[in-house]
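Take a look at the letters that make up each chain.
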Amino acid sequence: MIIEELTSDDFLEGLAKSQTVLVPVGATEGHGAHLPLGTDSFQAIDVCRRLAERREVFVAPPILYGVCRSTGQHPGTLSIRSETLKSLLVDIIESLYDQRLRNFVVLSGHAGGTHNAALLEAGEHLLTTLPKARIAVVSEYALAAAEGRALIETAEDSHAGEIETSRMLATRPHLVKAGASEDYPRFPQHILVRNKRHFWPSAVWGDPTKASREKGLKLENIVVTALDRLVTELENFIEP
Ligand SMILES: [Zn+2]
């Protein structure tokens, strides 16, 4: 049940079937010379929609902006502040709660540490203001970590590499360009730098040459199945 595609009456009927909503959170950020800026957003949206085909669950309109630290200076990256992301998520979930939704899964396609910290802060805040809410905050990356790793040849793959290129080849091959090569950022340790692009010009962290459509399809299935399990767990979760 894709909320922006429902009528008000559809929404009410949906509530009789499920009080669970997935909130896809993406980012608009540089993903190398070969992947679109919306890669993280596409991944989050696709996984949520796939799960909505498997079981009765609402999918909220996606957040297409995230907190992008290391790609902040790459062309096309549109980053928002942690406070903005936190406020946005709090407002959206409070509004969903007012509409009688009770189980919330915030699924992020962007796995940046600062970004995910903002989502967690929002979730912790909401636990104190919404007494009947159950909340999960998870990144796609975390959902695929264990099972997905077995499929991936690149040990340190994380951004626009084997995993993300495979995912995009599976779902939006027309947006993937050729010619990407393996790379890893070389940031100074512990020292913060103003121009991240200087230390990481490619915006690739991993090996896109190892990507394939088959791997992407398998990875997406792994994520959807793991998300399915998480939703069941959350819906049955009773806090002691
Ligand atoms: Zn990404």
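Now for a look at the structure at hand. This structure is a prediction, so every number in the text was calculated from the model and none was measured.

By secondary structure assignment, the location of Thr 209 is in the loop between α7 (196–199) and α8 (213–235). Engagement of the side chain of Thr 209 in a polar contact is seen with the side chain of Asp 207, the distance being 2.6 Å.

So, on to the packing of helix α2 (residues 39–54) against α8. Following both chains from N to C, one finds α2 and α8 inclined at 60°, their axes separated by 9 Å at the closest point. Comparing their axes, α8 and α2 come out oblique. α8 is crossed by α2, and the crossing has right-handed handedness. Here Asp 46, Val 47, Arg 50, Leu 51 and Arg 54 of α2 lie close against α8, whose contacting residues are Glu 220, Asn 221, Val 223, Val 224, Thr 225, Leu 227, Asp 228 and Val 231. When the residues that make up the contact of α2 with α8 are grouped by side-chain class, the tally is six nonpolar, two polar and five charged.

As a further point, take the coordination of the zinc ion. Within the protein, the atoms that donate to the zinc ion are His 31 (NE2), Asp 40 (OD), Glu 164 (OE) and Glu 164 (OE), at distances of 1.8 to 2.6 Å. Geometry at the zinc ion is irregular, judged from its four donor atoms and the angles of 55 to 139° they form at the metal. One chain supplies every donor for the zinc ion, spaced along it as H-x8-D-x123-E. Highlighted residues: His 31 in the loop between β1 (20–25) and α2 and Glu 164 in helix α6 (residues 162–171), separated in sequence by 133 residues. On the accessibility criterion, Glu 164 (7% relative accessible area) is buried.

Let us now look at the packing of α2 against α6. In contact at an axis separation of 11 Å, α2 and α6 are set at 60° when each is read in the N-to-C sense. Classified by the angle their axes make, α2 and α6 are oblique. As for how α2 packs across α6, the hand of that crossing is left-handed. Judged by residue contacts, Thr 39, Asp 40, Phe 42, Gln 43, Asp 46 and Val 47 of α2 engage Glu 164, Arg 167, Met 168 and Thr 171 from α6. Per-class residue counts for the contact of α2 with α6 are three nonpolar, three polar and four charged.

Here we come to the nonpolar core. General note: in soluble globular proteins, nonpolar side chains tend to be found buried as a group. Core analysis: the biggest nonpolar cluster contains 28 residues, and Val 21, Phe 58, Leu 85, Leu 89, Leu 96, Leu 101 and Phe 104 have the highest contact counts within it. For this core, the elements supplying multiple residues, two or more each, are α1 (8–17), β1, α3 (82–98), β3 (103–108) and α4 (113–129). Ignoring sequence-local partners within four residues, the contact set of Val 21 consists of Ile 3, Val 57, Phe 58, Val 59, Ala 60, Leu 96, Leu 101, Asn 103, Phe 104 and Val 105. Among the nonpolar cores identified, the runner-up in size contains 22 residues, and Ala 44, Val 59, Leu 107 and Ala 144 belong to it.

Criteria and cut-off values
Along each chain, residues carry numbers from 1 onward, in the same order as the chain's sequence is written. Only residues with pLDDT of at least 70 get local features here, since the model is predicted, and only at 80 or more are side-chain atom pairs given and counted; chain-wide, interface and lining totals rely on the full set of residues. Just so you know, side-chain values use all the structure's heavy atoms and leave hydrogens and water out. Segments assigned H or I by DSSP are reported as helices when at least four residues long, segments assigned E as strands when at least two residues long, and all are numbered from the N terminus. Between N or O atoms, a polar contact is any pair within 3.5 Å; within protein, one atom must be a potential hydrogen donor and the other a potential acceptor, and residues adjacent in sequence are included only when both atoms are from side chains. To get an axis, fit a line to the C-alpha atoms, keeping to the stretch in contact for a helix; angles then go from 0 to 180 degrees between the N-to-C directions. What sets the label is the angle itself: under 35 degrees gives roughly parallel, over 145 gives roughly antiparallel, 65 to 115 gives roughly perpendicular, and the rest give oblique. Should the near helix be turned counterclockwise from the far one by less than a right angle, the crossing is left-handed, whereas a clockwise turn marks it as right-handed. Residue contacts are counted whenever heavy atoms from the two residues lie within 4.5 Å of one another. Polar here means any residue outside two lists: the nonpolar Ala, Val, Leu, Ile, Met, Phe, Trp, Tyr, Cys and Pro, and the charged Asp, Glu, Lys and Arg; Gly therefore counts as polar. Note that water is not among the atoms considered, so a metal site may appear incomplete; the donors listed are N, O and S atoms within 2.8 Å of the metal, with 3.2 Å applied to Na, K and Ca. Think of it this way: with four donors and all angles in the 85 to 135 degree range, the site is tetrahedral; with four or six donors, opposite ones beyond 155 degrees and the rest between 65 and 115, it is square planar or octahedral; otherwise it is irregular. The classification of residues rests on relative accessible area computed with a 1.4 Å probe and restricted to protein chains. Under 20% of the type maximum is buried, over 50% is exposed, and intermediate values are partly exposed. Take the buried Ala, Val, Leu, Ile, Met, Phe, Trp, Tyr and Cys residues and link them wherever side-chain atoms come within 4.5 Å; each set so joined is a nonpolar core.

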